Amino acid sequence: MPRYRNRMLAFILNFIPGLGHLYWGRRTRGVIYPLFFFGGLLFGFLAAIAANEGEIALAAVICAFVLWCISMLDLIIILLRAPDADMSSYPYEPTRKGEADAERFYTILLSFVPGLGHFQLGLMHRGLSFLISFFGLITIMFVITGLTSQTVFLLFLGLLPIIWLYCMFDAVQLVHRKQAGELLADRTLFDEWESGRVEGKRSKVLATLLSAFPGAGQMYLGMQKRGLQLMVLFLGSFYIIDVLRLSLFLFIVPVIWFYSFFDGLQAASRYDRVLVEDRPLFDWKGNNQNWIGLILLLLGIYYVTMSLIIPVFDRFLPEFHIHHFINTYLRPLIVSLLLIGGGVKLLSRSKHKGSHYEDY
């Protein structure tokens, strides 16, 4: 009996070249693709360091990207040619299960080009609105830039990832609703906006656009506490990383942005179906309130010390190089201790919860 394999999971896994092929049972491809991809990148960077030539590293990255595209295209062809017989291992309704998975896979795959996934679902008007919005924005911005010779208009191309993500999320939501038995209405984005205004509801499209700035979409939908906390968390992370010179943790900023954006998308999708509850990320009461107060107090003391006290010491005692000592040794030591302490605290809490459940 063949083992069931999910097309969508194979496609997502192959974002790491070869992993999707391994999952689908193509072991040779699953070994060759990652070997050449990661081996080529490593060899290129080592050669660039040895020769002190940045062009070698750039060429290695370009070759790796081309190999990644070949791996993805190869897997897509394999998945499209694969028969639905793999679904027969399911004892319950194998045909319907296979059809549902295939429809979901094709819809998400086509949605990589905005609007095509909606065409797959039979929503022509909605698909056209996404298609025109995405490619129309690209065309208009390049035409205006060419006519005015002002490259500042290209900044509006930053809306493209937002339209693309919303289109992808909308297609996924719609295919799940269709498979759940709901009747889908073929409404354009503007029809949805107008219907929301007539019914006195907030616009899901506007909520999605506002979600591009962390917390704004949640606040627009009435989730004031959650939106405010996301906004403070996003902007505060910039401030703390800048003040403490923690450029190593800049990866946290896009993580917060993506979490806030998809949280806003989910809130917008649930808005007209269920009551949206304003659940804050953090409970300000009790112990959490004390911790937040302590963190703010320590940040205030640190800022005053580094801005007022340390410059005075550096001026009167220049031979001690206090500012250099703090930046080079003391600050990394404090950050390391905080990270280690936080990790130990989380581990001890998880162990305490595990022993608590064992008692029952």
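Up top you'll find the structure we're talking about.
Residues numbered from 1 in each chain as written. Predicted model: local features only at pLDDT ≥ 70, side-chain atom pairs only at ≥ 80, totals over all residues. Heavy atoms only, no water.

(A) Fine view of the pattern of salt bridges. What the rule picks out here adds up to four salt bridges. The closest approach of N and O atoms between Arg226 and Asp263, which form a salt bridge, is 2.9 Å. With a gap of 37 residues between them, Arg226 in helix α12 (residues 224-243) and Asp263 in helix α13 (residues 252-270) connect regions that are remote in the sequence. Overall, Arg226 belongs to the buried group, its relative accessible area being 11%. For Asp263, a relative accessible area of 10% corresponds to the buried category. (Salt bridge = Lys/Arg side-chain N within 4 Å of Asp/Glu carboxyl O. Helix = DSSP H or I, 4+ residues; strand = E, 2+ residues; numbered from the N terminus. Buried < 20%, exposed > 50% of the residue type's maximum accessible area, 1.4 Å probe, protein only.)

(B) The arrangement of the packing of helix α7 (residues 124-148) against helix α8 (residues 159-179) in detail. Following both chains from N to C, one finds α7 and α8 inclined at 165 degrees, their axes separated by 10 Å at the closest point. Judged on the interaxial angle alone, α8 and α7 are roughly antiparallel. Regarding α7 and α8, the two cross each other, and that crossing is left-handed. Of α8, the residues touching α7 (which contributes Arg126, Phe130, Ser133, Phe134, Leu137 and Ile138) are Leu159, Leu160, Ile163, Trp164, Tyr166, Cys167, Asp170 and Leu174. Of the residues belonging to the contact of α7 with α8, the class tally is 11 nonpolar, one polar and two charged. (Axes fitted to C-alpha atoms, helices over the stretch in contact; angles between N-to-C directions. Parallel < 35°, antiparallel > 145°, perpendicular 65-115°, else oblique. Left-handed = near helix turned anticlockwise from the far one by under 90°. Contact = heavy atoms within 4.5 Å. Nonpolar A, V, L, I, M, F, W, Y, C, P; charged D, E, K, R; others polar.)

(C) Structural context of the packing of helix α3 (residues 27-51) against helix α4 (residues 54-81). Following both chains from N to C, one finds α3 and α4 inclined at 170 degrees, their axes separated by 8 Å at the closest point. When the axes of α3 and α4 are compared, the pair comes out roughly antiparallel. On the side of α3, the interface is formed by Arg29, Tyr33, Phe36, Phe37, Gly40, Leu41, Gly44, Phe45, Ala47, Ala48 and Ala51, while α4 contributes Ile56, Ala57, Ala60, Val61, Ala64, Leu67, Trp68, Ile70, Ser71, Asp74 and Ile78. For the contact of α3 with α4, a count of residues per class yields 17 nonpolar, three polar and two charged.

(D) Region of the structure containing the environment of Ile162. Within the secondary structure layout, Ile162 lies in helix α8. Relative accessible area serves as the criterion here: at 10%, Ile162 is assigned to the buried category. With 50 residues separating them along the chain, Ile162 and Ala212 place their C-alpha atoms 6.9 Å apart.

(E) Geometry of the packing of aromatic side chains. Evaluation of the coordinates by the stated rule reveals 15 aromatic pairs. For the ring pair Phe11 and Phe15, a centre distance of 5.7 Å and an interplane angle of 80 degrees mean the geometry is edge-to-face. With centroids separated by 4.9 Å and ring planes inclined at 90 degrees, the aromatic side chains of Phe37 and Phe38 adopt a geometry described as edge-to-face. Exposure remark for Phe37: the relative accessible area of 13% places this residue in the buried category. (Phe/Tyr/Trp six-rings, centres within 6.5 Å; stacked < 30°, edge-to-face > 60°.)

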